[in-house]
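Examining the three-dimensional arrangement
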Amino acid sequence: MNDEYEVVIGLETHAELSTESKIYCSCKNKFGIEVNTEVCPICMALPGTLPTLNERVVDYAIKMGHALNCKINRVCKQDRKNYFYPDLPKAYQISQSDIPLCENGYVDILVNGESKRIGITRIHIEEDAGKLLHATSFEGSSLVDLNRCGVPLIEIVSEPDMRSSAEAKAYLETLKSILSYLDICDCKMQEGSIRCDVNVSVHKKGTPFGTRTEMKNVNSFSAAVRGIEYEQKRQIAALEAGETVVQETRRWDDAQGVSVSMRTKEDAHDYRYFPEPDLLTISVDEKRVEELKAQIPELPTQKILRYVQKLGLPQQDATIIAENVDLANFFDECTQKGGASPKLAANWLLGDISKYLNETGKTLGETKLTPEKMTELIGYIEKNTISTASGKKIFEIIVVEDKPIKQLIDDMGLAQVSDTLELEALADKVLAENEPSVTSYKNGKTNALGYLVGQCMKASKGKANPGMMKEIILKKLGE
Amino acid sequence: MEFYEMTAVQLSRKLESKEISSCELTQAVIDRIKSVDDKVKAYLTVNAEEALEQAKAVDNKRISGEKLPKLAGIPIGIKDNISTKGIKTTCASKMLEDYVPPFDATVIEKIKANDMVLLGKLNMDEFAMGSSTENSYFNVTHNPFDLDKVPGGSSGGSAAAVSAREAIVALGSDTGGSIRQPSANCGVVGLKPTYGSVSRYGLVAFASSLDQIGPIGKSVKDVAMVQDIICGRDKMDATSAIREYTGIADSLTGDVSGVKIGIPKEYFGEAIDDDVKTAVMNAVHELEKAGAKVCEISLPSAKYALPAYYIISSAEASSNLARFDGVRYGYRAKDYTDLVDMYEKTRSEGFGSEVKRRIMLGTFVLSSGYYDAYYKQAKLMQRKIAGEYKAAFNEVDVIATPTAPFTACKIGQNIDDPLKMYACDICTVTVNIAGLPAVSLPCGMDRSNMPVGLQLIGDSFCEDKILGAAYAYEKLVGGFAAPAL
């Protein structure tokens with residue numbers, strides 16, 4: 001990127017809320033079911049039907065508002081956004097225009113270990129539209145699946161506060177992690193649970209902001225990064241060539257890696273917003289707002305701080321654990337309730353556990369692991385009852401089977417030998433059998449020590465306490 | 001006296017005492033439809049077979065000794081913009097010519113739960129837009145008092161059917177006068193209930209913030225009885241009021257002494273025909289003689305109600321009618337080149353000219369740059385008008401006005417003059433703008449022997465007061481005249 005220029009990014013993020021039912025009817029809010037099966041006269045917009053608001057949607061949006069430090073508008077309204085499209089049966093979307101449920105907030109993101117505050121303009125509730133299926137078998141025609149009609153959405157609009165694609169990505173990751181902490185969104189990117197529109201402009205540093213373009217059809221965080229980088233290059237090139245950037249809506253084509261003009265400002269839709277007459281003003285009392293606030297759990301940014309400052313984890317480890325609500329909850333249970341060593345618990349989570357989850361594609365909840373069992377296992381290792389190597393063997397079993405660890409240690413004979421006499425006898429035997437190594441150690445080849453300890457471990461079938469073993473060998477070699 | 005000539009009150013007693021059966025009654029009304037509807041053309045769909053089956057089922061229940069609701073077995077006609085499961089609901093539009101709803105409107109569920117017999121669907125102005133029923137895609141309905149004249153509208157089929165004794169009672173809908181004005185034109189009683197008292201679920205929306213379903217009948221008590229069963233909180237309609245309703249029909253005494261009636265001078269201006277003024281004032285004097293206290297009041301913003309009404313109702317209509325796009329149900333143009341062409345042709349061919357006029361008007365007033373000048377101003381005026389009514393009801397119980405500025409016009413007389421047509425609603429629209437209840441009842445005839453309507457307006461949820469005064473008047477004059485058909 002030309003250093004003279006700075007990119008300015010603002011994001012409009014849509015998150016599908018994971019309520020039981022849709023926002024304005026009692027159809028189930030489900031993904032991946034047979035087309036047009038979770039539909040009713042209301043979400044199909046048959047004549048005469050009326051919407052009724054699912055209050056859970058308001059609760060969920062208020063929670064997000066609290067998490068993003070917003071002002072909650074206890075009295076707000078819903079509006080109609082009018083436009084024709086076959087996936088929009090009413091030919092208007094019920095949304096919120098001038099008075100959103102939440103506004104004027106912020107969220108702190110971490111980029112390269114540094115914290116940055118991104119302003120949140122507003123969060124409003126609205127309904128999703130259906131999906132067009134352009135089936136080739138129906139020559140020249142498209143089909144429409146209305147299952148998604150009326151799935152509740154929140155739209156989170158940021159201030160134009162981001163200055164790089166990395167910041168945009170960090171912002172999106174942070175939102176995603178907060179949504180999963182609040183348990184109000186499935187956060188399944190491949191199912192379109194989170195989608196965003198990207199506003200990008202460039203300007204020479206020290207000059208006013210440039211003209212922005214809005215990019216639609218950005219379906220993943222990595223696509224957002226690619227799209228922003230493409231768009232900033234394109235805009236800089238235009239300015240450098242003496243052209244101007246046109247205010248327009250563009251479509252991101254991720255396969256081709258280009259953005260294409262959809263419509264300019266002149267062709268912009270006039271959505272003719274007006275207050276939805278079929279629904280009452282939304283009115284939320286102070287008590288409900290406070291109750292929802294009390295339900296907000298410790299959020300990732302706070303967790304990272306606590307892990308680093310109180311538990312002594314490295315920032316990188318703390319961040320990886322904190323941003324994944326499953327890992328974080330598991331970690332907290334191990335360390336808080338179980339009293340496991342934070343360092344060991346983090347090592348297990350980021351090591352063997354993450355490896356297992358990556359390899360199998362499972363979530364923590366889909367394994368047989370529980371914080372209680374992990375704490376117990378870590379405890380045996382900490383107390384030298386078993387070696388780390390034995391711990392890994394037990395882990396491989398308890399991750400797939402619900403078996404008591406104590407019994408596994410006994411059955412597999414993994415209890416570590418820490419009896420001095422027994423270990424000394426073992427050392428004597430190994431030293432006697434390895435005269436050449438003993439000699440080379442005494443001649444200054446200190447790495448022979450590792451070999452000798454290794455031989456002891458082997459002879460004990462891994463059960464010897466490696467620390468004690470090393471000390472005994474050293475003592476004997478020094479005699 | 002034929003069965004079909006009787007009121008629901010009379011028939012209810014005869015059915016209960018098993019003097020007649022619902023089958024006999026329903027058959028009599030169906031025969032009446034057969035004999036006069038060629039002339040009146042009130043019905044779009046006659047549900048004869050199912051109606052008789054329903055009547056039989058009610059009779060069986062009664063024979064088995066079951067305790068039945070008061071209106072059980074009484075045939076009712078339904079305006080064709082109220083959804084009826086399995087029965088075409090066309091809104092008198094080409095757009096919905098073959099549309100059959102898969103569900104019942106809440107009021108239809110209530111009608112069925114009360115064992116009333118569903119006779120059929122009644123003609124109207126397309127999507128309830130109009131004041132003469134001439135905007136029906138299917139046919140013009142004729143006024144039973146003079147077949148060359150319009151019945152009024154938009155619930156012209158409902159009012160004409162009751163007037164012609166082709167239904168004992170009927171349901172209409174009222175957005176700016178669509179129950180009251182045709183009731184006045186056809187010499188019957190029509191109630192526009194308080195906004196929020198009757199569920200709109202299943203009523204094909206014209207203007208959501210103004211629409212209200214209401215009853216039409218030959219007598220005040222008939223209307224009260226139907227209102228008693230259709231009102232009530234409905235969780236399917238977020239705008240339905242959360243409150244308890246006590247029956248009105250049983251509270252009607254005919255005693256009007258001490259009731260304060262306000263006469264707003266703005267409703268008796270030049271636009272109102274002299275015969276209409278005279279008939280309305282005569283009725284007011286009758287009530288005064290019976291003990292009511294009459295005083296003049298002022299509703300200064302009344303003259304702005306009509307423009308405010310046309311802005312708000314058209315704005316909402318332009319959005320409400322956008323769903324008729326040819327994609328999922330209803331009419332779709334035959335030949336089109338692409339999506340936009342399909343939309344344009346479908347909507348150009350499927351809607352009639354009045355509907356298109358309102359959609360264009362509504363689209364305009366909501367457009368960016370015009371919203372503040374039109375829609376926002378109209379909403380402010382709405383609040384002002386509602387405030388003036390509230391203030392008036394601190395002084396009086398009931399406000400009396402003409403229902404319409406003139407009696408029924410000749411068919412075709414105003415069809416090419418929308419402004420003249422819109423003027424039919426000047427006395428009624430304010431009531432919808434303010435969300436209030438109002439009843440229209442016959443109060444005599446004009447020089448050409450056409451019925452004149454008296455409108456009694458009440459405060460929110462004070463249907464009992466306006467129907468009480470109306471009932472008193474009906475008793476004083478000994479009932480209302482039937483047309484000679």
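Quick summary incoming for the structure in this document. (Residues numbered from 1 in each chain as written. Chains lettered and ligands numbered in written order. Predicted model: local features only at pLDDT ≥ 70, side-chain atom pairs only at ≥ 80, totals over all residues.)

A tally of helices and strands in chain A yields 15 helices and 16 strands. Scaling as 2.2 N^0.38, a compact globule of 479 residues should have a C-alpha radius of gyration of about 23 Å, whereas chain A reaches 30 Å, well beyond that. For chain A, the spread of C-alpha atoms along the three principal axes comes to 95 × 55 × 55 Å. Counting all 479 residues of chain A, 42% fall into the buried class. Put simply, 69% of the contacts in chain A that link residues at least 6 apart link residues at least 24 apart. (Helix = DSSP H or I, 4+ residues; strand = E, 2+ residues; numbered from the N terminus. Rg over C-alpha atoms; globule rule 2.2 N^0.38 Å. Buried ≥ 20, exposed ≤ 12 C-beta atoms within 10 Å, placed from the backbone. Contact = placed C-beta atoms within 7 Å.)

One open sheet accounts for three strands, arranged β5-β4-β15 (chain A); its pairing is antiparallel. Of all strands in the sheet, those bounded by a partner on one side alone are β5 (92-95) and β15 (274-275) of chain A. (Pairing = 2+ DSSP bridges.)

Our next topic: the nonpolar core. Ranked by internal contacts, the top residues of the largest apolar core, which has 255 residues, are Ala 61 of chain A together with Ile 76 and Ala 470 of chain B. Sorting elements by how many residues they give to this core places helix α9 (residues 305-320) of chain B first, with nine residues. Residue contributions to this core reach at least three from each of two domains, namely domain 1 (11-199 + 269-288) and domain 2 (298-412) of chain A. For Ile 76 of chain B, the contacting residues outside a window of four places in its chain are Ile 111, Met 116, Val 117, Leu 118, Leu 119, Ala 167, Ile 168, Val 169, Ala 170 and Leu 171 of chain B. (Core = buried A, V, L, I, M, F, W, Y, C linked by C-beta atoms within 7 Å. Domains from an automatic or database assignment.)

Our next topic: the environment of Met 381 of chain B. Along the chain, Met 381 of chain B turns up in helix α12 (residues 372-392). Ignoring sequence-local partners within four residues, the contact set of Met 381 of chain B consists of Ser 301, Tyr 304 and Ala 308 of chain B.

For the rest of this paragraph, the subject is the interface of chain B and chain A. Counting from both sides, the interface comprises 34 residues of chain B and, opposite them, 24 residues of chain A. No other element matches α9 of chain B, which puts three residues into the side of chain B that touches chain A. Its residues placed into classes, the side of chain B that touches chain A shows 18 nonpolar, nine polar and seven charged. (Nonpolar A, V, L, I, M, F, W, Y, C, P; charged D, E, K, R; others polar.)

Residue and element names in this part refer to chain A. Taking strand neighbours across the sheet as the criterion, the nine strands line up as β2-β6-β7-β10-β1-β11-β12-β13-β14 in an open arrangement whose pairing is mixed. For this open sheet the edge positions go to β2 (71-72) and β14 (258-264), each flanked by a neighbour on one side alone. As paired strands, strand β1 (residues 5-16) and strand β10 (residues 152-158) are joined by five bridges and run antiparallel to one another. In the sheet register, Glu 12 faces β10, and the bridge partner there is Val 157. Each of β1, β6 (102-111), β7 (114-127), β10 and β11 (194-204) touches helix α2 (residues 165-182); the most contacted strand, β6, lies at about 115 degrees to it. (Axes fitted to C-alpha atoms, helices over the stretch in contact; angles between N-to-C directions.)

These values are about where atoms sit, not about what they do.
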